[in-house]
Amino acid sequence: MIDIAALAVKKWKGERGSLIMALHEIQNQMGYVPREATMEISSQMNVPLARIYEVLTFYNYFKLEAPGKAVISICTGTACYLKGAPALLDEFKKDLGIGVDEATSDGIFHLQCVRCLGCCGLAPVVSVNGKIYGKLKPSDIKPIIAEWREVFPAKETANAAN
Ligand code: FES
């Protein structure tokens, strides 16, 4: 997560409109702007936290809360698209039973499409909460979902065991 903020700072620092561009990049990749990311930007760009939150709360586009515990971002930039992103998206939709910009009913997974995660050499790429998975095939999707189900077990599963 912090890596994404650090990369966004590195990319936009010193550019015109750098604060908004960096925040935009984090929102795009994470589905929201986490508190840790604002702190990273504040210290790296020398902008007071209060100013960052002024910007974040002014624009409806920015979200301060994660839309799901595990935010799955499927890159549909050109390189990823050509190397099979649509098939990955179909697999996520099928396995999770949700569409783009939707969350599972337990609130754990949120699915979104993003433009270029900045690692086209690994296309097709997916990130989950900022963790990058590259050179993916549709058969890799179930294990990724299983990995994150272990991180955020569904309540129903925990109750069923009792
Ligand atoms: S197009 Fe997907 S990482 Fe660049």
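Residues numbered from 1 in each chain as written. Predicted model: local features only at pLDDT ≥ 70, side-chain atom pairs only at ≥ 80, totals over all residues.

The subject of this paragraph is the pairing of strand β1 (residues 70-75). Burial analysis of β1 places six of its six residues in the buried class, the great majority of the element. With burial as the criterion, each face of β1 is covered, one bearing A70, I72 and I74 and the other bearing V71, S73 and C75. Relative to strand β3 (residues 109-114), β1 runs parallel, the two being bridged by six bridges. Opposite A70, over in β3, you have F109 as the bridge partner. Where β1 lies against strand β4 (residues 126-128), three bridges are found, and the strand directions are antiparallel. Opposite I72, over in β4, you have V128 as the bridge partner. (Buried ≥ 20, exposed ≤ 12 C-beta atoms within 10 Å, placed from the backbone. Helix = DSSP H or I, 4+ residues; strand = E, 2+ residues; numbered from the N terminus. Pairing = 2+ DSSP bridges.)

Turning to the domain arrangement of the chain, a few remarks are in order. What the domain assignment lists for the chain is domain 1 (2-58) and domain 2 (70-153). For domain 1 and domain 2, the distance between their C-alpha centroids amounts to 23 Å. At the level of secondary structure, the elements contributing two or more residues to the side of domain 1 that touches domain 2 comprise α1 (2-12) and α2 (18-30). Its residues assigned to classes, the side of domain 1 that touches domain 2 comprises three nonpolar, three polar and one charged. (Domains from an automatic or database assignment. Nonpolar A, V, L, I, M, F, W, Y, C, P; charged D, E, K, R; others polar.)

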